[in-house]
Amino acid sequence: MNPIRYIITRSCLQEGSMRLLKYNESCFPENGPVQFIDDRGTEHTVQVERNRMRVSGLTAFYHAQNLGVNDVMVITPMTPGRYEVETIVKPHAAAPAPRQPVAKQPEAQRVVVSSTPHVREVRMQRPAVSEAVSESATLPAARNEHPAQNEPRTEVAPRPDARPDVREAAREVAALFAPAASGAAAQKGAGTGNQSEDLVAEFARLTGYQLAHPASGLMRLSADLGPQHGYTVLLAADPLAMTQPAWENGRDEAKLLLTHEAERAEGVSRVTREALVALTDHARLTPLSPIDLRGYWRAGTLDLAGAASIAELVSAHLAQRGAFSFVVLSLAQQPANSIINVSQLAQRLGSGVNTAELNTILETLSRPPFLALTPLQGGQYLLRMGMGDLLSELSEYALGVRRRVRTPGQTELVH
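Residues numbered from 1 in each chain as written. Predicted model: local features only at pLDDT ≥ 70, side-chain atom pairs only at ≥ 80, totals over all residues. Heavy atoms only, no water.

1. A few points about helix 11 (residues 290-298)
Here helix 11 has its buried residues at Pro290, Asp292, Leu293, Arg294, Tyr296 and Trp297. Directly beyond the C-terminal end of helix 11, a positive phi value near 95 degrees is found at Gly300. (Buried < 20%, exposed > 50% of the residue type's maximum accessible area, 1.4 Å probe, protein only. Helix = DSSP H or I, 4+ residues; strand = E, 2+ residues; numbered from the N terminus.)

This is how it looks when you write it as structure tokens:
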């Protein structure tokens, strides 16, 4: 089984667990204790709880690896109940520049201004501060207060030979799909309550559902995947639509009321408009299918928290695509008809791509339609063609096939 990437969330660290989602639950088919083996060979006993859809007992593992939010675990099944776990730890942020000390104002002192045998005039007065000292004490504070106005800005052009970092890309993807970000994006489209049908129609188009309107205010999403995998979901645009016979008589796998995130419907399953906006955005980045979403409909509530969970699946897909691109860009540094040593390539890639992922990608590049590599003995490959030429040929091949593709319902090929 191929390795899976899991992005650690704040709740994972707090609970000492990882969630089982649609893309990774098949790696943990049975309840009970399993062994996580880290990169030092240390074994950690953790507990698979399929009834709660999680793996628990990871607190000690997280602490031992110094893992934090948005760090990545790459989990590779070895034998039943044993998993090799590599970790990708994000770099620490640079320490903030120390604040300039502010000169302490001298305390006021009692000063005798004039004195006579009967009267003495006394005033409170601060000692004079030299102009140079005064400037050195106040200028840094003023400069720190508005650094953008005081410091010259220098635009740094990217180095053409700079090596991409797939870890940074994965963290950016995770941050993009954090619940707070999803909520902000959803708020942008949440005010269009009167356009519920348009929202559901766009969501259905991107995720592979057939949309029907059995009655006013009711929308049925149908996954036409045969008797074993097919199912339907019925959505009500408002509570009034739930009073119609079509709501009660339908044999749907799930029935949900379409609400806003802040609204609560007691005793009624719901899906929020904000969640549908977020899922639609996710589906534009990477394909989401009715198979991926079926469990979320069954759960009875699909809100921004559920959309954030689905975002982890999207993030994993994008991270795998990023790893593939990382390897291709590294291979592009070698000329055609040269020998690739896998161990040396792995050193160049660093921790951005683990060994299992690298071997899978190289095997993929050795097969059609790529045929870019020829496997050799001793952990080596022959680079048959440069990556630039390969991508050009693949582009022409894809365009040629695209011209011959016809959509369902068309009777003639498109030339």
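Moving on from the coordinates now.
2. Focus: the packing of aromatic side chains
The relative placement of two aromatic rings is captured by the distance of their centres and the angle of their planes. Tallying each qualifying case throughout the model produces nine aromatic pairs. An angle of 70 degrees between the planes, with centres 5.9 Å apart, marks the rings of Phe36 and Tyr83 as edge-to-face. Taken as a pair, Phe36 in strand 3 (residues 32-37) and Tyr83 in strand 7 (residues 82-88) lie far apart in primary sequence, 47 residues in all. Residue Phe36 is classed as buried on the basis of its relative accessible area, which comes to 0%. (Phe/Tyr/Trp six-rings, centres within 6.5 Å; stacked < 30°, edge-to-face > 60°.)

3. Structural notes on the sheet that holds strand 12 (residues 231-236)
Taken in spatial order, the six strands make up an open sheet running 10-11-12-13-14-15, and their pairing is mixed. Every interior strand has two partners, whereas the edge strands, strand 10 (210-215) and strand 15 (301-302), have only one. Two elements, strand 12 and strand 13 (residues 254-259), share four bridges in a ladder whose sense is parallel. Its bridge partner being in strand 13, Ala236 is matched across the sheet by Leu257. Those strands touched by helix 7 (residues 196-207) are strand 10, strand 11 (218-223), strand 12 and strand 13, and its axis lies near 5 degrees from that of strand 11. Contacting strand 13, strand 14 (270-272) and strand 15, helix 10 (residues 273-285) crosses the sheet at an angle of about 60 degrees to strand 14. (Pairing = 2+ DSSP bridges. Contact = heavy atoms within 4.5 Å. Axes fitted to C-alpha atoms, helices over the stretch in contact; angles between N-to-C directions.)

4. So, the nonpolar core
Counting 57 residues, the largest nonpolar core has Met18, Phe28, Phe36, Met73 and Trp297 as its most contacted members. Setting aside residues no more than four positions away along its own chain, Phe28 makes contact with Met18, Leu20, Phe36, Val48, Arg50, Val55, Ile75 and Tyr83. (Core = buried A, V, L, I, M, F, W, Y, C linked by side-chain atoms within 4.5 Å.)

5. Examining the side chain of Thr259
Tracing the backbone through its elements, the reader meets Thr259 in strand 13. Those residues in contact with Thr259 that sit more than four places away from it in its chain are Arg270, Val271, Thr272, Arg273 and Glu274.

6. A word on the pattern of salt bridges
Summed over all chains, the structure comprises twelve salt bridges. The partner of Arg50 in a salt bridge is Glu25, with the nearest N and O atoms 3.2 Å apart. Pair noted here: Arg50 is in the loop between strand 4 (43-49) and strand 5 (54-56) and Glu25 is in the loop between strand 2 (17-19) and strand 3, with a separation of 25 residues, a long-range link. Residue classification places Arg50 among the partly exposed residues on the basis of a relative accessible area of 26%. Residue Asp252 pairs with Arg220 through a salt bridge whose shortest N-O separation is 2.7 Å. On the criterion of sequence distance, the pair formed by Asp252 in the loop between helix 9 (245-249) and strand 13 and Arg220 in strand 11 is long-range, its members being 32 residues apart. Residue Arg220 is classed as buried on the basis of its relative accessible area of 19%. Several salt bridges share partner residues, and in doing so they unite Glu202, Arg205, Asp281 and Arg284 into one network. (Salt bridge = Lys/Arg side-chain N within 4 Å of Asp/Glu carboxyl O.)

7. Looking at the sheet that holds strand 16 (residues 338-341)
Spatially, three strands are ordered 16-18-17 in an open sheet, and the strand pairing comes out antiparallel. The sheet is open, and its two edges are formed by strand 16 and strand 17 (373-376), each paired on a single side. Strand after strand, the sheet turns through a mean of 30 degrees between neighbouring axes, direction not considered. Where strand 17 meets strand 18 (residues 380-383), four bridges bridge the pair, whose relative direction is antiparallel. Bridging from a neighbouring strand, Thr374 pairs with Leu382 of strand 18. Sitting on the sheet, helix 13 (residues 342-349) touches strand 16 and strand 18, and the angle it makes with strand 16 is about 70 degrees.

8. What about the side chain of Arg5?
As for its placement among the helices and strands, Arg5 is situated in strand 1 (residues 4-7). Of the residues examined, Arg5 reaches a relative accessible area of 3% and is grouped as buried. Polar contacts involving the side chain of Arg5 include one to the side chain of Glu357, which spans 3.2 Å. (Polar contact = N/O pair within 3.5 Å; in protein donor to acceptor, adjacent residues only side chain to side chain.)

9. Digging into the confidence of the model for the chain
When pLDDT drops low, the exact placement of atoms in the prediction is not to be read closely. Here the chain averages 77 in pLDDT, while 72% of its residues score no lower than 70. Confidence over residues 129-193 falls short of pLDDT 50; this stretch has 61 contacts with residues more than four positions distant or in other chains. (pLDDT = per-residue confidence, 0-100.)

10. Quick word on the pairing of strand 11
For a regular strand, side-chain orientation follows a simple rule: the groups alternate between the two sheet faces. Counting buried positions along strand 11 yields six of six residues, so the element is predominantly enclosed. Of the two faces of strand 11, both are covered, the one formed by Leu218, Arg220 and Ser222 as well as the one formed by Met219, Leu221 and Ala223. One ladder, built from four bridges, connects strand 10 with strand 11; its direction is antiparallel. For Gln210, the partnering residue across the bridge sits in strand 11 and is Ser222. Where strand 10 hands over to strand 11, the hairpin turn is made up of two residues, of which Gly217 adopts a positive phi near 85 degrees. Inspection of the sheet shows strand 11 paired to strand 12 by six bridges, in the antiparallel sense.

11. As for the environment of Pro3
Structurally, the position occupied by Pro3 is in the segment before strand 1. For the pair Pro3 and Asn24, spaced 21 residues apart in the sequence, the C-alpha separation amounts to 9.5 Å. Among all residues touching Pro3, those that are not within four sequence positions of it are Val74, Ile75, Thr76, Gln320, Ala356 and Glu357.

12. A closer look at the packing of helix 12 (residues 304-331) against helix 14 (residues 355-366)
Interhelical geometry of helix 12 versus helix 14 gives an angle of 70 degrees and a closest axis separation of 10 Å. Here helix 12 lies roughly perpendicular to helix 14, going by the angle between them. Helix 12 and helix 14 meet at a crossing whose hand is right-handed. Together, Ala323, Phe324, Val327 and Leu331 of helix 12 and Glu357, Leu358, Ile361, Leu362, Thr364 and Leu365 of helix 14 make up the contact between the two elements. When its residues are assigned to classes, the contact of helix 12 with helix 14 shows eight nonpolar, one polar and one charged. (Parallel < 35°, antiparallel > 145°, perpendicular 65-115°, else oblique. Left-handed = near helix turned anticlockwise from the far one by under 90°. Nonpolar A, V, L, I, M, F, W, Y, C, P; charged D, E, K, R; others polar.)

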